[in-house]
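# Survey of secondary and tertiary structure
So the chains spell out like this:
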Amino acid sequence: MSSLGVGPGLENGTETSDAAQKFPDNLPARWRTQLASEASQPYFKELTRFLVDEYNKKQVIYPRRAWVLRALQRVDYDDVKVVILGQDPYHGPGQAIGLSFGVPNELLPKPPSLQNILKELQADLGIEVAKNQSDLTGWADQGVLLLNTVLTVRQGQAFSHQKKGWEEFTDRIIRRLDERDEPVIFLLWGAAAQRKRELIKNSRHIILASAHPSPLSAHRGFFGSRPFSKINEILTQKLSREPIDWGRASALS
């Protein structure tokens, strides 16, 4: 087992027995520098023990081991332009892929929150994303960190891995980004994500907040919030950076 207790080989979505692929060596270079010290922290060791026990009990855990740290592996520290913060991974079979809100391209129907995100994208920018583009790897490859606050979950048991150490780990990720000189745009949907405001202390960073895209709350301020055009306006007009091509939702498109 790796230091995270998620098994060796989180590199490029394939599991291997190569010890060099354990945390933190399974991260891109800059994230490895930023997060390597977490492995020695007491909370991290407790998280490891918990996950080892879950796997030893033959629990079905999502996402698969190779994708637990996928959000970090897909976008290195210096390349992050935007953070979209989710909560728990999807807990149904064949859904979670290690990127917040993303699901496999072939999955039908799409989860309601993702459907609402894509509806708002169409209303905001007139972009209709094809049904076979839902893994959001195309966004990640343009600098969008699709980070959940908890990175694993038991099958069929929402929030089953909360308060086991993941929140502290992902809080450290947000704090490391807050330390960056290059501004980051944080997109906080819903009350849980908005509680992370207190971690973002540097005024150089930009926070956009609205209701969550869940069907329970989307009509209370998510629809009409126009996050995609706002992000691109900030990137181009304020930060002199390339906009996100939101229509390229999958790297396979």
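Being a predicted model, the structure only gives us computed values, none of them experimental.

Per-residue confidence for the protein chain gives a mean pLDDT of 92; residues scoring 70 or more make up 92%. Confidence over residues 5-20 falls short of pLDDT 50; this stretch has 41 contacts with residues more than four positions distant or in other chains.

Below, the discussion takes up the pattern of salt bridges. Inspection of the entire model under this criterion finds twelve salt bridges. Close ionic contact of R241 with E182 constitutes a salt bridge, the shortest N to O distance being 3.6 Å. Here the residue R241 occupies a position in the segment after helix 8 (227-238), and E182 occupies one in the loop between helix 6 (166-178) and strand 5 (185-189), the gap between them amounting to 59 residues. One salt-bridge network, held together by shared partners, links E38, E168, R172 and R176.

Let's shift gears to unusual backbone geometry. Following F23, the chain continues into P24 via a peptide bond in cis, with omega recorded as 5°. On the secondary structure map, P24 appears in the segment before helix 1 (29-35). Omega for the peptide link from L108 to P109 comes to -10°, which places this bond in the cis form. Tracing the backbone shows P109 in the loop between strand 2 (82-86) and helix 4 (112-125). A positive phi is found at K163, a non-glycine position, where the angle reads about 55°. In this fold, K163 is placed in the loop between strand 4 (153-154) and helix 6. Judged by its relative accessible area of 76%, K163 falls in the exposed class. Positive phi is not limited to glycine here, since R226 has a value of about 55°. By the element assignment, R226 lies in the loop between strand 6 (206-210) and helix 8. Classification of R226 by relative accessible area gives partly exposed; the value is 43%.

The biggest cluster of nonpolar side chains holds 74 residues, and the ones touching the most others in it are W31, W139, L145 and F169. Considering each element in turn, this core owes the most residues, six residues, to helix 2 (residues 42-56). In this structure, L145 is in contact with W31, A71, L72, V75, V80, V82, V83, I84, I173 and L177, ignoring residues within four places of it in sequence.

One pass over the structure, following the stated rule, counts twelve aromatic pairs. Put simply, the rings of F23, Y43, F44, W166 and F169 pair up and form one aromatic cluster. Stacked on the ring of W67, the Lys or Arg R64 has its end atom at 4.1 Å from the ring centre. When the ring centre of Y55 is taken as origin, the NZ or CZ atom of R65, which lies over that ring, is 3.9 Å away.

Turning to helix 4, a few remarks are in order. In this model, helix 4 (14 residues) spans 20 Å end to end at C-alpha, consistent with the 20 Å of a helix rising 1.5 Å per residue. Listing the buried residues of helix 4 in full gives S113, L114, N116, I117, L118, E120, L121 and D124. Immediately beyond the C-terminal end of helix 4, within one or two residues, lies G126, with a positive phi of roughly 70°.

Cut-offs used in this document
- Residues numbered from 1 in each chain as written.
- Predicted model: local features only at pLDDT ≥ 70, side-chain atom pairs only at ≥ 80, totals over all residues.
- Heavy atoms only, no water.
- pLDDT = per-residue confidence, 0-100.
- Contact = heavy atoms within 4.5 Å.
- Salt bridge = Lys/Arg side-chain N within 4 Å of Asp/Glu carboxyl O.
- Helix = DSSP H or I, 4+ residues; strand = E, 2+ residues; numbered from the N terminus.
- Buried < 20%, exposed > 50% of the residue type's maximum accessible area, 1.4 Å probe, protein only.
- Core = buried A, V, L, I, M, F, W, Y, C linked by side-chain atoms within 4.5 Å.
- Phe/Tyr/Trp six-rings, centres within 6.5 Å; stacked < 30°, edge-to-face > 60°.
- Lys NZ or Arg CZ within 6 Å of the ring centre and 35° of its normal.
- Expected span 1.5 Å × (residues − 1).

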